[in-house]
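Secondary and tertiary structure notes
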Amino acid sequence: MSKVYCKWCGSTAGSISSLTSGSCSKNPEGKNHGLYEGSEKSKYLCKYCGNSGSSISSLTSGSCSKSPNKRHHPAL
Ligand SMILES: [Zn+2]
Ligand SMILES: [Zn+2]
């Protein structure tokens with residue numbers, strides 16, 4: 001795995017530990033980035049509403065009416 005992504009904001013890091021030690025402005029559950037555990041894709045779908053984005057950051061930049069925390073959440 002070359003790059004890891006934050007599932008909340010789409011930030012990238014070179015390792016899981018460096019990703020999750022950074023602070024995330026979009027995480028509704030805490031203050032740090034959270035690991036996106038899916039594979040790299042050309043298109044990311046929100047698991048709640050089906051919205052899509054070409055990157056995690058573009059998907060998560062909008063708000064989701066069907067998600068419990070109002071964030072689009074990339075499906076794995
Ligand atoms: Zn983040
Ligand atoms: Zn959504």
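Scroll up to find the structure.
The sections below set out a description of the structure shown in this document. Just so you know, these numbers come straight off a predicted model, no measurement behind them.

Around the zinc ion (ligand 1), the protein contributes the donor atoms Cys6 (SG), Cys9 (SG), Cys24 (SG) and His33 (ND1), which lie 2.1 to 2.3 Å from the metal centre. Considering all four donor atoms around the zinc ion (ligand 1), angles at the metal cover 104 to 118 degrees and the coordination shape is tetrahedral. Each donor residue of the zinc ion (ligand 1) lies on one chain, and together they are spaced C-x2-C-x14-C-x8-H. Separated by 15 residues along the polypeptide, Cys9 in the loop between strand E1 (4-5) and strand E2 (12-13) and Cys24 in the loop between helix H1 (16-20) and strand E3 (44-45) bring together distant segments of the chain. For Cys9, a relative accessible area of 13% corresponds to the buried category.

Cys46 (SG), Cys49 (SG), Cys64 (SG) and His72 (ND1) make up the full set of protein donors to the zinc ion (ligand 2), lying at 2.1 to 2.4 Å. Around the zinc ion (ligand 2), the four donor atoms are arranged such that angles at the metal cover 101 to 122 degrees; this shape is classified as tetrahedral. Sequence spacing among the residues donating to the zinc ion (ligand 2) works out to C-x2-C-x14-C-x7-H. Pair noted here: Cys46 is in the loop between E3 and strand E4 (52-53) and Cys64 is in the segment after helix H2 (56-60), with a separation of 18 residues, a long-range link.

This part is about the environment of Ser58. Tracing the backbone through its elements, the reader meets Ser58 in helix H2. Under the relative-accessibility criterion, Ser58 is labelled partly exposed at 36%. Each C-alpha atom of the pair Ser58 and Gly10 lies 8.0 Å from the other, and the pair is 48 residues apart in sequence. Within the structure, the side chain of Ser58 is placed 3.4 Å from the backbone nitrogen of Ser54, a separation counted as a polar contact.

Looking now at unusual backbone geometry. Positive phi outside glycine occurs at Lys70, with the angle close to 70 degrees. The residue Lys70 is located in the segment after H2 in this model.

Take Ser18: it is sitting in helix H1. With relative accessibility at 38%, the residue Ser18 sits in the partly exposed group. Along the primary structure Ser18 and Tyr44 are separated by 26 residues, whereas in three dimensions their C-alpha atoms are 23 Å apart.

How each quantity is defined
Residues numbered from 1 in each chain as written. Chains lettered and ligands numbered in written order. Predicted model: local features only at pLDDT ≥ 70, side-chain atom pairs only at ≥ 80, totals over all residues. Heavy atoms only, no water. Donors = N, O, S within 2.8 Å, 3.2 Å for Na, K, Ca; no water. Tetrahedral: all angles 85-135°; square planar, octahedral: opposite > 155°, others 65-115°. Helix = DSSP H or I, 4+ residues; strand = E, 2+ residues; numbered from the N terminus. Buried < 20%, exposed > 50% of the residue type's maximum accessible area, 1.4 Å probe, protein only. Polar contact = N/O pair within 3.5 Å; in protein donor to acceptor, adjacent residues only side chain to side chain.

In short, the description is geometric, and any link to function would need to be established separately.
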